[in-house]
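An overview of the molecular structure
Residue-level listing of the chains:
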Amino acid sequence: MYTTQKKRFYSPQFSALAAVSVRRFAWAKGISMPAAVDLMVRLLPSIVDPAKVCLSCQDNSKCQGCAFRSTQTPEEKAALLAAL
């Protein structure tokens, strides 16, 4: 039988504050903790200037999979903020 393995990504340990906060955010949204972290990451370009992040990037091989790769349209930003 052939099975495929899912790609595993680096997963750092959360601080106690981060773990507790993400769990409570996930509960408030009715989503899993990984989905809550994903939502928070997708919101980052609304808070942090993507150009500054890209200027200090040390790995240009993953740009297509990065939340900071392009600026969000006002509609995309509104949809993410509405998800809160």
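A brief structural summary. (Residues numbered from 1 in each chain as written. Predicted model: local features only at pLDDT ≥ 70, side-chain atom pairs only at ≥ 80, totals over all residues. Heavy atoms only, no water.)

This part is about the overall build of the protein chain. Assigned secondary structure in the protein chain consists of 4 helices and 0 strands. Taking the principal axes of its C-alpha atoms as reference, the protein chain extends roughly 40 × 35 × 25 Å. Taken over 84 residues, the protein chain has a buried fraction of 11%. Partitioning the contacts of the protein chain with sequence separation of at least 6, the portion at a separation of at least 24 is 42%. Summed over its atoms, the accessible surface of the protein chain is roughly 7,200 Å², and 60% of this surface lies on carbon and sulfur atoms. Charge separation in the protein chain, taken as the distance between the mean sites of 11 positive and 5 negative side-chain charges, equals 11 Å. (Helix = DSSP H or I, 4+ residues; strand = E, 2+ residues; numbered from the N terminus. Buried < 20%, exposed > 50% of the residue type's maximum accessible area, 1.4 Å probe, protein only. Contact = heavy atoms within 4.5 Å. Areas by Shrake-Rupley, 256 points an atom, 1.4 Å probe, with all protein chains shown as cover. Lys, Arg positive; Asp, Glu negative; His and termini not counted. Charge placed at Lys NZ, Arg CZ, Asp CG, Glu CD.)

In total, this model carries 0 disulfides according to the counting rule given. Here Cys57 stays free of any disulfide, with the sulfur of Cys63 as its closest cysteine sulfur at 5.6 Å. For Cys66, which is in no disulfide, the shortest distance to another cysteine sulfur is to Cys54 and amounts to 6.0 Å. (Disulfide = S-S within 2.5 Å.)

Limitation: the analysis is restricted to geometry and does not speak to function.
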